[in-house]
Amino acid sequence: MGAGVDPHRYLPTAGDRGKLESAHLVFFSGLHLEGKMTDTFEKARGRIRGVPVTRDIPREDLRPAEGEGGPDSQFDPHVWFDVRLWMKPVECVRAELAALDPAGADQYRRNADAYLKELAALDAEVRQKLTRVPPEKRVLVTSHDAFGYFGRAYGFEVKGLQGVSTASETGTPDRQKLAEFLGTRKIPAVFTETSVPDAGLKAVLDTARNDYGHSVRLVGGDDALFSDALGVPGSPGGTYPGMVRHNVDVIVEALAR
Ligand SMILES: [Zn+2]
């Protein structure tokens, strides 16, 4: 999947299937994040050696998926927004690569150890930056419910117009409810995501203005949050630490005033 592509809705092409089947190893996120690819991984079992990188995260550390997270998804799949939790997949990848290619095992271990250090430092950096947002401003409203782990790890109340999957459409009652929340809580800003259309949020802001007399800033464009997709390769959002930094900087800028 390229930059800005929504994994919940992504359908693999014939070309993708060829690539998956010819790979030595396929890492995917798992927890039904790739909702439309579950079939591909299940049906091609035996032909694809696939590893869900969230495999070793203790189940008690996972958030239950509220509402419709897609067929038989028990858990919220957006674990990468808790940087500490995302260190577990690094260990999974390290172990799988070392098992597949024992000659390179030392190299994989060194690289993984360096990356784990980088992530620990990133987690500390996130916490430090977010101290600029006072407790009463710590409400993160987005297009879909991708930031539950972020909220739990870093002390934010989170609300999404859509549930933990983008696969179903929102209706008027969802929009009305969110507009009421924005209006009564006087929320100053809501955030669009690079991988989700912003029409739904725009409709909510219209309702908040018309029904509750409350204007909300829509943070989008270059400031849209990276939720379920990276930015283009080579850009600041093109890596995991880069996307986390971008999000935190945008959130602090919008809410710390
Ligand atoms: Zn998502």
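Quick caveat, the model's predicted, so the values are computed rather than measured.

1. Here's the deal with the overall build of the chain
Moving on, step 1. Each helix and strand in the chain was counted, giving eight helices and six strands.
Moving on, step 2. Taking 2.2 N^0.38 as the reference for a compact globule, 257 residues should give roughly 18 Å; the C-alpha atoms of the chain span a radius of gyration of 19 Å, in line with that estimate.
Moving on, step 3. The buried share among the 257 residues of the chain stands at 34%.
Moving on, step 4. Sequence-distant contacts, at least 24 apart, represent 68% of the contacts inside the chain between residues at least 6 apart.

2. Some thoughts on the pairing of strand S3 (residues 139-144)
Moving on, step 1. Within S3, six of the six residues are buried, which leaves it mostly tucked inside the rest of the structure.
Moving on, step 2. Relative to strand S4 (residues 157-162), S3 runs parallel, the two sharing five bridges. Following the sheet pairing, Val141 is matched in S4 by Lys159.
Moving on, step 3. In the classification by handedness, the crossover that spans S3, the intervening helix H5 (residues 148-154) and the parallel S4 is right-handed.

3. Here we look at the packing of helix H3 (residues 87-100) against helix H4 (residues 105-130)
Each pair of packed helices can be summarised by the angle the axes make with each other and by the distance between the axes.
Moving on, step 1. At a minimum axis distance of 9 Å, the contact between H3 and H4 shows a crossing angle of 175°. Considering the angle they form, H3 stands roughly antiparallel to H4. Where H3 approaches H4, its residues Met87, Val90, Arg94, Leu97 and Ala98 are matched on the opposing element by Ala105, Tyr108, Arg109, Ala112, Tyr115, Leu116 and Leu119.
Moving on, step 2. Residue composition of the contact of H3 with H4, by class: 10 nonpolar, no polar and two charged.

4. A look at the nonpolar core
Moving on, step 1. Counting residues in each nonpolar core, the largest one holds 41 residues, and the members touching the most others are Leu140, Val141, Leu182, Val190, Phe191, Val204 and Val216.
Moving on, step 2. Of all elements in the fold, only H4, S3, H5, helix H6 (172-185), strand S5 (189-191), helix H7 (199-212) and helix H8 (240-255) reach the threshold of two or more residues within this core.
Moving on, step 3. Top contributing element to this core by residue count: H8, with five residues.
Moving on, step 4. When residues no more than four places from it in sequence are discounted, the contact partners of Leu182 are Val141, Ile187, Ala208, His214 and Val216.
Moving on, step 5. Within the second largest apolar cluster, five residues are counted, among which are Leu31, Leu33, Ala65 and Phe75.

What counts and what doesn't
Residues numbered from 1 in each chain as written. Predicted model: local features only at pLDDT ≥ 70, side-chain atom pairs only at ≥ 80, totals over all residues. Helix = DSSP H or I, 4+ residues; strand = E, 2+ residues; numbered from the N terminus. Rg over C-alpha atoms; globule rule 2.2 N^0.38 Å. Buried ≥ 20, exposed ≤ 12 C-beta atoms within 10 Å, placed from the backbone. Contact = placed C-beta atoms within 7 Å. Pairing = 2+ DSSP bridges. Right-handed = clockwise from strand over helix to strand, strands pointing away. Axes fitted to C-alpha atoms, helices over the stretch in contact; angles between N-to-C directions. Parallel < 35°, antiparallel > 145°, perpendicular 65-115°, else oblique. Nonpolar A, V, L, I, M, F, W, Y, C, P; charged D, E, K, R; others polar. Core = buried A, V, L, I, M, F, W, Y, C linked by C-beta atoms within 7 Å.

None of the figures reported here should be taken as evidence of function without further support.
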